[in-house]
Amino acid sequence: MSETSRESGALTPALFLPGNFEFGEVPSTEGSSKPAPPAPQAPSLGPLAAFTGTFHGHGFNQIFRPDLGSTTKLPHPVRSDNLLELNLVSQTLSFSRPIGTVPNRGEDQPDIFLNGVGYLLTVTDITFPANPIGIHFEPGVWMNVPATTDPPEGNTLVRMASIPHGTTLNAQGTFRTFSGPPSIPPVSITPNIGRFPSQTASDSKTARIPQDLARFIKKGSITQAILDDPNTVLRNATAHQTILSTTALGVATNASSPLFSGGADDIAFLDGDPNVTEPNAQIPQMASFFWIETVQHALTVPAWTPGQPPLAIRAKAAHGPAPVFLVTPPSAVTTPRQLNVTSVQIQYSQKVIMNFNGILWPHVSVGTLVPDALIAVSPSQWG
């Protein structure tokens, strides 16, 4: 094989469903001589059908942290009650197989049936690649909810997540599919009272880690443009890609009307007191956007003779990791030729609001993820 090096590192499976597990309804025919009716077909996954297997990639994370009593020591000491942490990250997002038929019993509306997938997101800081540090571990579930009459809502999605710091999230939203690439809007990291000196990339003596961004500015990995709008990282990743179609998902803990309910809940330490008057770091809300993109790649297939091993060919990528395709030509390739193939790519942007010291602090995370497994190229794609 050629170009076999992988960028995700060794992955240990961490999300399992027992082989015989299938969510469904408990039968009411036990003890009857009549055979149980056949199980109904599982409800549609809708856009969640693209969430299969394992994806890996790179991204950027930003968070303002309370800094009273912190043990953080900066190269240039700064007196501040907050600290801006910036992370260049690698990420792995694994999905379970579909859960099956999940019945929701109704009182005013007949029962509805959901389907979805479990997931596990891990994020590792690689700002200094020689010292990778895990900074996020998130198990959760995505569910596809059919249209309902009580309440009167169309087809919706739900993302339910648990965060080790002590927060659980229930975020609802909708989706749409369209041709071409997404138009990703800007996202701001500025707190509700205005900008802080740590948001100036050229300031090397401010309350921030890393404190001196000179090397990152030179490489283009952390720049003023990225601090002003972290979604710049996502646009940079797709700037030279051919994206044929996009499905955009948007979910929030405080979803806009006609959606309602959902929310975020914290452990006592984060809320600070029963009335959340002096929180340590309460999470009042979260909103996230996911873009599921079909990306076209032009592979260059080298000379190949029947009987040789299949070819592992990595797609070209200007930024971040790229998918790897497993190519078995249907006949001899005497001179290199171009082959157009497609893959699924997931991009996301998430904004969490943290409440401490009477200020609302944005916590923004973005990422671009590609399939971790080799993507087999069908003989039909040779034309």
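Described in the following lines is the structure provided in the data block. Quantities reported herein were computed from a predicted structural model and do not represent experimental measurements.

Let us look at the overall build of the protein. The helix and strand tally for the protein stands at four helices and 18 strands. Seen through its principal axes, the protein has C-alpha atoms that stretch 70 × 65 × 35 Å. With 383 residues in all, the protein has 44% of them scored as buried. Across the protein, contacts joining residues at least 24 apart in sequence account for 72% of those joining residues at least 6 apart. Accessible surface, the protein: about 19700 Å² in total, of which carbon and sulfur atoms supply 56%.

Taken across its 14 residues, strand S4 (residues 112–125) has eleven buried, putting it largely inside the fold. Pairing of strand S2 (residues 82–95) with S4 involves seven bridges; the strand directions are antiparallel. Pairing of Ser 94 across the sheet is with Leu 120, part of S4. Two strands pair when backbone bridges link them, and strand S3 (residues 102–104) and S4 are joined in this way by three bridges, in the antiparallel orientation.

The three strands lie next to each other as S14-S15-S18, forming an open sheet whose pairing is mixed. Since the sheet does not close on itself, it has two edges, and those belong to strand S14 (311–314) and strand S18 (375–376), each with one partner. Summarising the sheet, strand S15 (residues 324–327) and S18 pair through two bridges and their orientation is parallel. Residue pairing for S18: Leu 326 is matched across the bridge by Ala 376.

Rules used throughout
- Residues numbered from 1 in each chain as written.
- Predicted model: local features only at pLDDT ≥ 70, side-chain atom pairs only at ≥ 80, totals over all residues.
- Heavy atoms only, no water.
- Helix = DSSP H or I, 4+ residues; strand = E, 2+ residues; numbered from the N terminus.
- Buried < 20%, exposed > 50% of the residue type's maximum accessible area, 1.4 Å probe, protein only.
- Contact = heavy atoms within 4.5 Å.
- Areas by Shrake-Rupley, 256 points an atom, 1.4 Å probe, with all protein chains shown as cover.
- Pairing = 2+ DSSP bridges.

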